[in-house]
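# Descriptive structure summary
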Amino acid sequence: MWQGTRALVTGATGFIGARLARRLTELGAQVHAVSRRSPAGEGWHQADLSDAAATSALVERVRPEVVFHLASEVTGVREPETVAPTLAANLGAAVNLMTAVTGTGVRSVVLAGSVEEPRDGQAPGSPYAAAKAAATGYARMFHALWQVPVSVLRVAMVYGPGEPNPRRLVPYVTASLLRGESPELTSGTRLVTWVYVEDVVDAFVRAGASGEAAGHVLDIGTPEPVSIRHTADLIADIVGGPARPVYGAVAARPLDRTQRSDIEPAARVLGWRPVTSLATGLTKTVEWHSKRV
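As a starting point, this report considers the structure included with it. Computed from a predicted model, the values in this text were never measured in an experiment.

### Let's talk about helix α3 (residues 83-101)
In this model, α3 (19 residues) spans 26 Å end to end at C-alpha, consistent with the 27 Å of a helix rising 1.5 Å per residue. Of all the bends found along α3, the most pronounced is centred on Gly92 and spans about 30°. The complete set of buried residues in α3 reads Thr86, Ala89, Asn90, Leu91, Ala93, Ala94, Val95, Asn96, Leu97, Met98, Ala100 and Val101. Those residues of α3 that are buried lie in contact with β1 (6-10), α2 (52-62), β4 (66-69), β5 (108-114), α4 (127-146) and β6 (150-155). Of the residues one or two after α3, Gly103 is the one with positive phi, at around 80°.

The following block contains the structure:
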């Protein structure tokens, strides 16, 4: 399937995107990686996907057979000034890309959605969640109106070695404990759904290869959410040492809700299930951080 396939990967310098580009290369694909920064070598392209003309030119130049759209402005900040940048980066870019590939004969388009997208008529909990939910709506429209073979993978909380953002929960707690410091957290009662980064890459590869994925919105996570407290305590147990997380030191963000992932549709459509347990994934993550702290 992948040998010689022209695959376009946006957000290819990101946590998931870099691993996906590497996996596709190993599978024999001809990977065209996109970043807003200067190209990093052969097969790399510099483009601002919030610019419709630049996005169209990129697609015309690459002529991709499969597109993976992971470029995103990821933030949980609940401030009005984040609305415009998340709208441009998470909705505008997705719409520009889907518009550019419409009618090109692309075999598969896979968008990275988010577990933060609201369910059951709830209001979005952040500008990021609102933009991601809108992008999912547009993907459904592009498929229904113009038969674009697009699917959306609503990805849960991704963790693993190499997480580039030190402010996210797992790297923050891990690095703090390895330094002998006590990370300061909320009450820790919120339930979240974790998924190991290599399991996520598996899901994207399957979605890109499967014509059955088109038109579907699929949760990519784990069946049972766990609390922040359980997660942080598990990291502390793996690290060892006297330092422990301090709960209640930070106020919870407004509209932080329990996260849930229904992975049965992904199992049915893609044949995908997560294979890495939280304990195993966190152990690998701690080992990676321990070599760098």
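### Brief notes about the side chain of Asn96
With respect to the element layout, Asn96 can be found in helix α3. Judged by its relative accessible area of 16%, Asn96 is buried. Residues within four places of Asn96 in sequence aside, it is in contact with Leu49, Ser50, Asp51, Ala52 and Thr55.

### Thoughts on the pattern of salt bridges
The tally for this structure, following the rule as stated, stands at 13 salt bridges. The closest approach of N and O atoms between Arg179 and Glu181, which form a salt bridge, is 3.3 Å. Note on Arg179: relative accessible area 46%, which makes it partly exposed. Measuring nitrogen to oxygen at the nearest pair gives 3.9 Å for the salt bridge that ties Arg244 to Asp233. Taken together, the positions of Arg244 in the loop between α7 (228-239) and α8 (264-270) and Asp233 in helix α7 put the pair 11 residues apart, joining distant regions of the chain. What you see here is one network of salt bridges that share partners, running through Arg19, Arg23, Glu198 and Asp202.

### Comments concerning the sheet that holds β6
What holds strands together in a sheet is hydrogen bonding between their backbones, with the strands either parallel or antiparallel. Sheet architecture is open: seven strands sit in the order β3-β2-β1-β4-β5-β6-β10, paired in parallel fashion. For this open sheet the edge positions go to β3 (44-46) and β10 (217-220), each flanked by a neighbour on one side alone. The sheet shows a mean angle of 20° between the axes of neighbouring strands, taken without regard to direction. Sheet strands touched by helix α6 (residues 197-209): β4, β5, β6 and β10. Its angle to β5, the strand with the most contacts, is close to 145°.

Definitions and limits used
Residues numbered from 1 in each chain as written. Predicted model: local features only at pLDDT ≥ 70, side-chain atom pairs only at ≥ 80, totals over all residues. Heavy atoms only, no water. Helix = DSSP H or I, 4+ residues; strand = E, 2+ residues; numbered from the N terminus. Expected span 1.5 Å × (residues − 1). Bend = angle between axes of the 7 residues up to and from the residue. Buried < 20%, exposed > 50% of the residue type's maximum accessible area, 1.4 Å probe, protein only. Contact = heavy atoms within 4.5 Å. Salt bridge = Lys/Arg side-chain N within 4 Å of Asp/Glu carboxyl O. Pairing = 2+ DSSP bridges. Axes fitted to C-alpha atoms, helices over the stretch in contact; angles between N-to-C directions.

Such coordinate-based values are descriptive only and should not be taken to indicate function.
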